[in-house]
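Residue strings, one per chain:
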Amino acid sequence: MPPAVEFTTIDAIRDFNRFYTNFLGVLNKAYLDSPYTLTDVRVLFEVGFRGGVAASALTRDLHLDPAYLSRIVKRFREDGLVETTPDPTDARSQVIKVTGKGQVQFEEFVRRSRAQIAGYFEKLAIGEPERIVAAMRTIQETLGAGETNTPPAIIRSHRAGDIGWIVQSQARFYTEEFGWDDRFEGLVAEVAGKFLSNFNPQKDRCWIAERGGLNVGSVMITDGGDDTAKLRLLYIDKTARGLGLGKLLVDECIRFSRDAGYKKLSLWTNDILDAARAIYIKAGFRLAAEERHRMFGPELNGQTWVLDLYPVPDTLPSPLPKARDFQ
């Protein structure tokens, strides 16, 4: 049997629940300066986001009493926000859709909700919003283990703050996972700093993999001279392993390097990074050189891998998949 949960843990959770419900205004009769309660607005959110939904599905997904939901829908119908039709798959249910007026109200609630959250976050110090989102994600993933509503991953270009995240995340990971010392963080900071200082959008690029509002991966292409591009700082966070993001980022590097007119793509890695090396080998890179070193403390075997970008092979990396493909 699992160990009993300590009362101190239970009390801490109850204390947080009281704080958060008050923070959200759950106990307020009027939500987002409207005549509706939080539950009312949640129902309209779901109907608006889904573009129409069966009442039976709402009672199941929102854990609502059917009679309670019926009263909410009746009020919305009287206010001209929704319309209902018989559910063809369930004679006891009905399909709920927003009207034109309801769509306007739904979009206004979305705007107010985002403005409310932005107002709270604007008061925080740099980095604190990301800490809050990370904590929320931890709670959601831990307590919701086994659920299938994992947010998709997206790939985007870097923006302000991302390069600092690259340095922090990689330094922390390689220190904890492999025992590398501060010199590795220094190297990453040097590479990242030069990328920003010398950035040429025609020749350089940085991609960020993002999931649920959090950065979970990155890679860079920089100009190595002599018509050679350099693939730098490939990284996938532990929480996003197994989604194929590493291969996707490498494929983007290859495609960009060809389009930018480079003839070769090179990279430097260490042979203990098996997952990354497997991606490089599958992409067609060849081992060009290797040497033992102690650049970061432990003895390592550094390797240089090279990919000839021309002639172009018959099979190129497939176009960038949509976010939903990375669940």
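Look up: the structure comes first, before these words.
Quick caveat: nothing in here was measured; it's all calculated off a predicted structure.

(A) Examining the packing of aromatic side chains more closely. Inspection of every chain in the model, using the stated rule, returns 22 aromatic pairs. Ring centres 6.4 Å apart and planes at 75 degrees place the aromatic pair tryptophan 268 and phenylalanine 296 in the edge-to-face group. Taken together, the residues span a long stretch of sequence, with tryptophan 268 in strand β8 (residues 264-270) and phenylalanine 296 in the loop between β9 (286-293) and β10 (300-308) at a distance of 28 residues. The exposure class of tryptophan 268 is partly exposed, given its relative accessible area of 33%. Ring pairing ties together the aromatic residues Trp165, Phe173, Tyr174, Phe178, Trp180, Phe184, Tyr235, Trp268 and Phe296, which thus form one cluster. The side chain of lysine 203 reaches across the aromatic face of tyrosine 262, ending 4.4 Å from its centre.

(B) Seen up close, a nonpolar patch on the surface. Together, Phe16, Phe19, Phe23, Ile139 and Leu143 make up a nonpolar patch on the protein surface, roughly 520 Å² of accessible area in all. Those elements giving two or more residues to the nonpolar patch turn out to be α1 (7-24) and α6 (128-143). Broken down by element, the residue count for the nonpolar patch peaks at three residues, all from α1. Structurally, phenylalanine 23 can be placed in helix α1.

(C) The arrangement of the environment of aspartate 223 in detail. Tracing the sequence through the fold places aspartate 223 in strand β6 (residues 214-223). If sequence neighbours within four positions are ignored, aspartate 223 has contacts with Lys203, Asp204, Thr228 and Tyr262. At a separation of 2.9 Å, a polar atom in the side chain of aspartate 223 contacts the main-chain amide nitrogen of glycine 225.

(D) Molecular detail of the packing of helix α7 (residues 162-178) against helix α8 (residues 182-197). The interhelical angle for the contact between α7 and α8, taken along N-to-C directions, is 160 degrees, at an axis separation of 9 Å. As judged from the angle between their axes, α7 and α8 are roughly antiparallel. Our pair here, α7 against α8, has a crossing hand that is right-handed. Where α7 abuts α8, its residues Ile163, Ile166, Val167, Gln170, Ala171 and Tyr174 lie against Phe184, Glu185, Val188, Ala189, Ala192, Phe195 and Leu196. For the contact of α7 with α8, the residue count by class is 11 nonpolar, one polar and one charged.

The rules we used
Positions within a chain are numbered from 1, following the residues in the order the chain's sequence is written. Only residues with pLDDT of at least 70 are given local features in this predicted model, and only at 80 or more are side-chain atom pairs given and counted; all residues enter the totals for whole chains, interfaces and linings. The basis for every side-chain value is the complete set of non-hydrogen atoms in the structure, without hydrogens or water. For this analysis, a ring pair means two rings from Phe, Tyr or Trp (six-membered ring only for Trp) whose centres lie within 6.5 Å, classed as stacked if their planes differ by under 30 degrees, edge-to-face if by over 60, and tilted for the remaining angles. In DSSP terms, a helix is any run of H or I states spanning at least four residues, a strand is any run of E spanning at least two, and both are numbered starting from the N terminus. Partly exposed residues are those whose accessible area sits between 20% and 50% of the maximum for their type, while under 20% is buried and over 50% is exposed, using a 1.4 Å probe and protein chains only. Put simply, a charge is over a ring when the Lys NZ or the Arg CZ is close to the ring centre, within 6 Å, and near the line of the ring normal, within 35 degrees. Put simply, a patch holds well-exposed residues, over 30% relative accessible area, that have no salt bridge, with like charges counted together within 9 Å and Val, Leu, Ile, Met, Phe, Trp or Tyr side chains within 5 Å. Method for areas: the Shrake-Rupley scheme with a 1.4 Å probe, in which residue coverage is limited to the protein chains shown. Should a side-chain nitrogen of Lys or Arg be within 4 Å of a carboxyl oxygen of Asp or Glu, the pair is scored as a salt bridge. A contact between two residues is defined here by any heavy atoms of the two lying within 4.5 Å. Pairs of N or O atoms within 3.5 Å make up the polar contacts considered here, provided that, within protein, one atom can donate a hydrogen while the other can accept it, and that residues adjacent in sequence are counted only when both atoms are side-chain atoms. Here, axes are lines fitted to C-alpha atoms. For helices the fit covers the stretch in contact, and angles between N-to-C directions go from 0 to 180 degrees. When describing relative orientation, an angle under 35 degrees is termed roughly parallel and one over 145 degrees roughly antiparallel, while 65 to 115 degrees is termed roughly perpendicular and anything else oblique. Whether a crossing is left-handed or right-handed is set by the direction in which the near helix is turned from the far one by less than a right angle, anticlockwise for left-handed and clockwise for right-handed. Each residue gets one of three labels, nonpolar for Ala, Val, Leu, Ile, Met, Phe, Trp, Tyr, Cys and Pro, charged for Asp, Glu, Lys and Arg, and polar for the others, Gly among them.

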